[in-house]
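# A closer look at the structure
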Amino acid sequence: MRNFNTILITGGAGFIGSNMIRYLLSEESGFKGVVINVDLLTYAGNLESLIDVEKSFGGGSNPRYKFVKADIRDRSAIENIFKNYNVDCVIHFAAESHVDRSILGPEAFITTNVLGTYTLLDVARKYWQEIYGTLSDAPVLFHHISTDEVYGSLGDTGYFTENTPYDPRSPYSASKAGSDHLVMAYHHTYGLPVTLTNCSNNYGPYQFPEKFIPLMILNMIEDKPLPVYGDGKNIRDWLYVEDHNVAVWQVIRYGKVGEKYNIGGENEWENIRLLEYLIQIVSEETGKPQEKLKELITFVKDRPGHDRRYAIDCTKIKHELGWKQSVSFEEGLRKTVKWYLDNRKWVDHIRSGEYLKWIEKNYGERGGRVC
Ligand code: NAD
Ligand code: TYD
C-alpha cells in the first residue's frame, strides 16, 4: 500500500474534488496526512461546498486542510505550492468540465485542461527529481482524473475498456484526451510515477446545476421546462460520486504505476428514461404531482456532435483492486434530490455569483488565505 503525507488536490472546490476532500479527511479513508486544495474558483468552484471541512480540519495548531487560490496554468504559483507544502501526491481534478460550454468556447478547455495539466506534470517532475534524483523509485504519485468521453461514442452494443482507442469528439473530450496522453508521456519519458482513471458520468451533492441531474431537479422544483436534447435516447452510465472517489483512492494506494483504470456505474440509462425516474423521485419527495412534472418535459435542438452512448467495462478495477459500486441508483438519486431540496442557499449562491461576495467577505480580496 502507498502512503502519502501531503496530497495536493486540484479543483477541490468543484463537484467531485470537494466530495473527495471530505472523503479523504474522513476516518473511512484511513488517510492521516494533509490536504492542500488548489483551485482557481471559476464559476464552478465554490468554497461553500467545504465549510464543514474548513471548520473541522482547517484550524488548530496542526491543520489538515488548506485552501490555496491558484491557477494550474500559473507555473510559479504551482512551484511555490510544491515547495511550501512538500507535496508528495497530486490528485488532479481541476478542469473545465462541461461539454456544452466547450462547444460555445473551447479556449479555456485547451488552456486549463491541456496546458494546466502540462504545467502540473512539469512542476511535479522537476520538484520530485530534485528531491529524489531518480523518479521511477520515488515515493510519490501523480494521479490524473479523466473521463470515459475520451473513447468517443458507442453504438447499441459494446463497452469501453482500458484498451479502447481514444476517439474524442467534443472540444471537452479532446482536451481531456490531450491531458491523458501527456500524463502517460511523462511516465514513459521521464519515469514520473502516474496513475490514471477514466470515469463515467458522476452524480451526487455539490454538482454545478448545469449538468443533467441537478439541472432537472432544480427545474422541477421551480416549475421550469426540462430541456431534453434531441430524441432523449442518448445513453449515459451513471455513478454516485462517493463510489467514484473510493475507486480513485483504491487506485492511488494499490493501483499499478503507469496504468489506467476504467471506473463505471454499470448503470446505463437513456436520458428520457432517467428523467422519468427522477420525476417519480422528485414527486415523492416534494408532493408535486408526477403528471404536472411530466408536462414540463421539452424536447429541444440536439447538442452538436452529441455522443450517442457511453458504457464502461470496469472489470479491471474490480478484479485487480476489489472495488465495486456500493450505492444503488435509487438510493443515490434520492440522496441527491434531498440534498438539492435541503441546500437551496448553496444553489442560489452558486447560480447568482453571490458566493464570490461571500468569499471576499470571509477570505479577503485574494480569495485564498495562503501563498
Ligand atoms: P467541476 O467543473 O465541478 O469542478 C472543476 C473545478 O476545477 C472547479 O472548482 C474550478 O474552479 C476548478 N478549475 C477550473 N479551472 C482551473 C484552473 N485553471 N486552475 C485551478 N482550478 C481550476 O468538475 P467536476 O465535475 O468536479 O470534474 C472534476 C474532474 O473529473 C474533471 O477533470 C473532469 O474532467 C473529471 N470527470 C468528471 C465527470 C463528471 O461526471 N462530472 C466524469 C468523469 C470525469
Ligand atoms: P451532461 O450532464 O452535460 O454530461 P455529459 O454531456 O458529459 O454526458 O449531459 C448528460 C446527458 O444529458 C447528455 O446526453 C446530454 C443530455 N442533456 C440534456 O438532454 N439536456 C440538458 O439540459 C443537459 C445539460 C444535458
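Under an unreviewed UniProt entry, the chain has the name dTDP-glucose 4,6-dehydratase and belongs to Calditerrivibrio nitroreducens. Here is the UniProt Catalytic activity (unreviewed entry) comment for the chain, exactly as written: "dTDP-alpha-D-glucose = dTDP-4-dehydro-6-deoxy-alpha-D-glucose + H2O".

## Some points on the site of ligand 1
Around ligand 1, the surrounding shell holds 29 residues, and the nearest of these are Ile16, Asp39, Ser97, Tyr172 and Lys176. Taken by itself ligand 1 offers 840 Å² of open surface, and the protein chains cover 97% of this. Elements with a contribution of two residues or more to the shell around ligand 1: α1 (15–24), β5 (141–147), α6 (171–190) and β7 (201–203). Among the elements that take part in the shell around ligand 1, β5 stands out by supplying 3 residues, more than any other. For the shell around ligand 1, a count of residues per class yields 14 nonpolar, 11 polar and 4 charged.

## Things to note about the pairing of strand β9 (residues 235–240)
Taken across its 6 residues, β9 has 6 buried, putting it largely inside the fold. As paired strands, β7 and β9 are joined by 3 bridges and run parallel to one another. Along β9, the bridge assignment pairs Asn201 with Trp238. Sheet topology note: the β9/strand β11 (residues 268–270) ladder contains 3 bridges and is antiparallel. Each residue of the ladder has a partner; that of Arg236, found in β11, is Trp269.

## Let's talk about the sheet that holds β9
Strand-to-strand pairing in sheets goes through backbone hydrogen bonds, with the strands running parallel or antiparallel. Across the sheet, 3 strands lie side by side as β7-β9-β11; this open sheet has mixed pairing. A single partner strand is all that each edge strand has here, and the edge strands are β7 and β11. Neighbouring strand axes in the sheet, compared pairwise and without regard to direction, differ in orientation by 50° on average. Lying over the sheet, helix α9 (residues 271–286) contacts β9 and β11, oriented at roughly 90° with respect to β11.

## Remarks on the sheet that holds strand β2 (residues 34–39)
Strand order in the open sheet formed by 7 strands is β3-β2-β1-β4-β5-β6-β10, with parallel pairing between adjacent strands. Looking at strand neighbours, the two that pair on one side only are β3 (65–69) and β10 (260–263), the edges of this open sheet. Strand-to-strand, the axes of this sheet are offset by a mean angle of 20°, without reference to chain direction. Strand direction decides the pairing type here: β5 and strand β6 (residues 194–199), joined by 6 bridges, are parallel. Directly across from Phe142, in β6, lies its bridge partner Val194. Along the sheet, helix α3 (residues 75–85) contacts β1 (6–10), β2, β3 and β4 (89–92); its crossing angle with β2, the most-contacted strand, is approximately 170°. Sheet strands touched by helix α5 (residues 107–132): β1, β4 and β5. Its angle to β5, the strand with the most contacts, is close to 165°.

## Some remarks on helix α13 (residues 344–352)
All buried positions along α13 are accounted for by Trp346, Val347, His349 and Ile350. Projected down its long axis, α13 carries its buried residues within an arc of 170°, all on one side. Within α13, the exposed residues directed more than 90 degrees away from the buried face are Lys345 and Ser352. Once α13 finishes, Gly353 follows within two positions and takes phi at roughly 85°, a positive value.

## Quick notes on the UniProt feature "domain: NAD(P)-binding" (unreviewed entry) in the chain
Feature annotation in UniProt assigns "domain: NAD(P)-binding" (unreviewed entry) to the following positions: residues 8–336. The span residues 8–336 shows a helical share of 43% and a strand share of 17%, and its end C-alpha atoms are spaced 27 Å apart.

## Overview of empty space enclosed by the protein
Scanning all chains against the criterion turns up 1 cavity of 30 Å³ or more. Put simply, the largest cavity is a space of about 30 Å³. Looking at the largest cavity, the residues that line it are Ala13, Gly14, Phe15, Ala44, Asn46, Ser49, Tyr206, Gln207, Phe208, Trp346 and Ile350. Of the residues in the lining of the largest cavity, the class split is 7 nonpolar, 4 polar and no charged.

## Let's talk about the site of ligand 2
Around ligand 2 sit 18 residues, and of these Glu149, Pro227, Arg236, Arg303 and His306 come closest. Here an oxygen atom of ligand 2 and a side-chain polar atom of Arg236 are 2.7 Å apart. For ligand 2, whose free accessible area comes to 510 Å², the fraction covered by protein is 96%. The residue makeup of the shell around ligand 2, split by class, is 8 nonpolar, 5 polar and 5 charged.

Rules behind the numbers
Residues numbered from 1 in each chain as written. Chains lettered and ligands numbered in written order. Predicted model: local features only at pLDDT ≥ 70, side-chain atom pairs only at ≥ 80, totals over all residues. Heavy atoms only, no water. UniProt positions renumbered as here; feature names shortened; annotations may be inferred. Near = heavy atom within 4 Å. Areas by Shrake-Rupley, 256 points an atom, 1.4 Å probe, with all protein chains shown as cover. Helix = DSSP H or I, 4+ residues; strand = E, 2+ residues; numbered from the N terminus. Nonpolar A, V, L, I, M, F, W, Y, C, P; charged D, E, K, R; others polar. Buried < 20%, exposed > 50% of the residue type's maximum accessible area, 1.4 Å probe, protein only. Pairing = 2+ DSSP bridges. Axes fitted to C-alpha atoms, helices over the stretch in contact; angles between N-to-C directions. Contact = heavy atoms within 4.5 Å. Arc of directions from axis to C-beta. 1 Å grid on protein atoms, 1.4 Å probe; cavity = no way out; pocket = protein on both sides within 12 Å on 5 of 7 lines; lining within 4 Å. Points joined across faces, edges and corners; volume = space filled by probe spheres on them. Polar contact = N/O pair within 3.5 Å; in protein donor to acceptor, adjacent residues only side chain to side chain.

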